[in-house]
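Given next are the chains, with one letter for each unit.
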Amino acid sequence: MNAQTVLAAPGGGEFQAPGPELFDFPPLFAGGPEWLTKPVVFAVFGSLLVCGLFWMAFAKPKLVPRGMQNIGEVGYMFVRDEIARPFLGKNTDRWMPLLMSLFFLIWIWNIFAVVPVIQFPIASHIAFPAVLAIIVYVTKVYLGMKHQGPVKYFTNMIPPGLPLPVYFLLVPIEYLSTLILAPFTHAVRLFANMFAGHTIIAFFSLVGFWFLIEKPTFAGFGVGLIGVVVTIVMVAFELLIQFLQAFLFAMLAAMYIQSGLEAEH
């Protein structure tokens, strides 16, 4: 029996729970390059969509905003007041383009999970959040070395005035956390949430489809109904998670950039 079999349909047959194959996509056409897949296409589409939306909002701004400009200004003020200013302070305006781009690109990529036809969160492929996290990481290190000096940037990571034996333990932990674990968790947090959310929704929606449509039986009706209800609830919950993960990624980006501009200790 397949290891993914979790339920047996009352009318016979086996229910196969969705697994990692949900995230495997072949090339868009036979003989095409292996990298040209559905996630890549919609990742580019999401980028163009963000550019298009903000071009519509700010290409010809009015003194009294209306339409898309209203929406664009609300989005700008949210990112400025809730993400950038708490960490960047006087440096907020300079870094708003990057933070706006990160927040809305990730949010749209995540929302694709519940958009008909697309139905896939782009960030559930680790390559996409990893590239964004690397961009933030390289920016942070570059700013740190530029503003604090190539040597002082690394020495500033360690708080001064501690007993000498403490440094033998603190220095490797601090460098490991700041230079390796921080960018790693920055990417993995977004990836893991989108991966898990998509898998859970796929599981319960398949339960509903299987027991109500594919193998309908009186005994399985209740199971199928539960699958449908839970799917609806999980989609609503996932919409919140999608927003929160975009918010957290952009917020951490602002924090990391500020750590490069000014010494933490």
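Since the structure is predicted, the reported quantities are computational estimates derived from the model, not experimental observations. (Residues numbered from 1 in each chain as written. Predicted model: local features only at pLDDT ≥ 70, side-chain atom pairs only at ≥ 80, totals over all residues. Heavy atoms only, no water.)

What to know about the overall build of the protein chain
Then comes step 1: If you tally the helices and strands in the protein chain, you get 7 helices and 2 strands.
Then comes step 2: What you see in the protein chain, going N to C, is helices and strands ordered as β-β-α-α-α-α-α-α-α.
Then comes step 3: Its C-alpha atoms give the protein chain a radius of gyration of 23 Å, clearly above 18 Å, the size a compact globule of 265 residues would have.
Then comes step 4: Considered along the principal axes of its C-alpha atoms, the protein chain spans approximately 70 × 60 × 40 Å. (Helix = DSSP H or I, 4+ residues; strand = E, 2+ residues; numbered from the N terminus. Rg over C-alpha atoms; globule rule 2.2 N^0.38 Å.)

A look at the packing of helix α6 (residues 164-214) against helix α7 (residues 221-261)
Then comes step 1: Relative to each other, α6 and α7 sit at 165°, their axes nearing to 8 Å. In terms of orientation, α6 and α7 fall into the roughly antiparallel class. Once α6 is placed against α7, the crossing between them reads as left-handed.
Then comes step 2: Of the residues belonging to the contact of α6 with α7, the class tally is 21 nonpolar, 11 polar and 2 charged. (Axes fitted to C-alpha atoms, helices over the stretch in contact; angles between N-to-C directions. Parallel < 35°, antiparallel > 145°, perpendicular 65-115°, else oblique. Left-handed = near helix turned anticlockwise from the far one by under 90°. Nonpolar A, V, L, I, M, F, W, Y, C, P; charged D, E, K, R; others polar.)

Some thoughts on the packing of aromatic side chains
Then comes step 1: With the rule as written, the count across this model stands at 21 aromatic pairs.
Then comes step 2: Here the aromatic rings of F45 and F112 are separated by 6.0 Å at their centres, their planes lie at 20°, and the arrangement is stacked. Within this pair, whereas F45 is found in helix α1 (residues 38-58), its partner F112 is found in the loop between α3 (92-111) and α4 (127-148), the two being separated by 67 residues in sequence.
Then comes step 3: Ring pairs connect the aromatic residues F54, F58, F78, F103, F104, W107, F243 and F247, which therefore count as one cluster.
Then comes step 4: Positioned above the aromatic ring of Y256 is the side chain of K140, whose terminal nitrogen or guanidinium carbon lies 5.1 Å from the ring centre. (Phe/Tyr/Trp six-rings, centres within 6.5 Å; stacked < 30°, edge-to-face > 60°. Lys NZ or Arg CZ within 6 Å of the ring centre and 35° of its normal.)

Let's talk about helix α2 (residues 68-88)
Then comes step 1: The sharpest bend along α2 reaches about 35° and sits at R80.
Then comes step 2: Regarding α2, the residues found buried are Q69, G72, G75, V79, R80, I83, A84 and L88.
Then comes step 3: Next to the buried residues of α2 lie α1, α3 and α7.
Then comes step 4: One or two residues past the end of α2 sits G89, with phi positive at roughly 55°. (Bend = angle between axes of the 7 residues up to and from the residue. Buried < 20%, exposed > 50% of the residue type's maximum accessible area, 1.4 Å probe, protein only. Contact = heavy atoms within 4.5 Å.)

Overview of the environment of E14
Then comes step 1: Position of E14 among the secondary structure elements: in strand β2 (residues 14-16).
Then comes step 2: The partly exposed category is assigned to E14, whose relative accessible area is 38%.
Then comes step 3: Each C-alpha atom, one on E14 and one on L239, is 31 Å from the other, the two residues being 225 residues apart in sequence.

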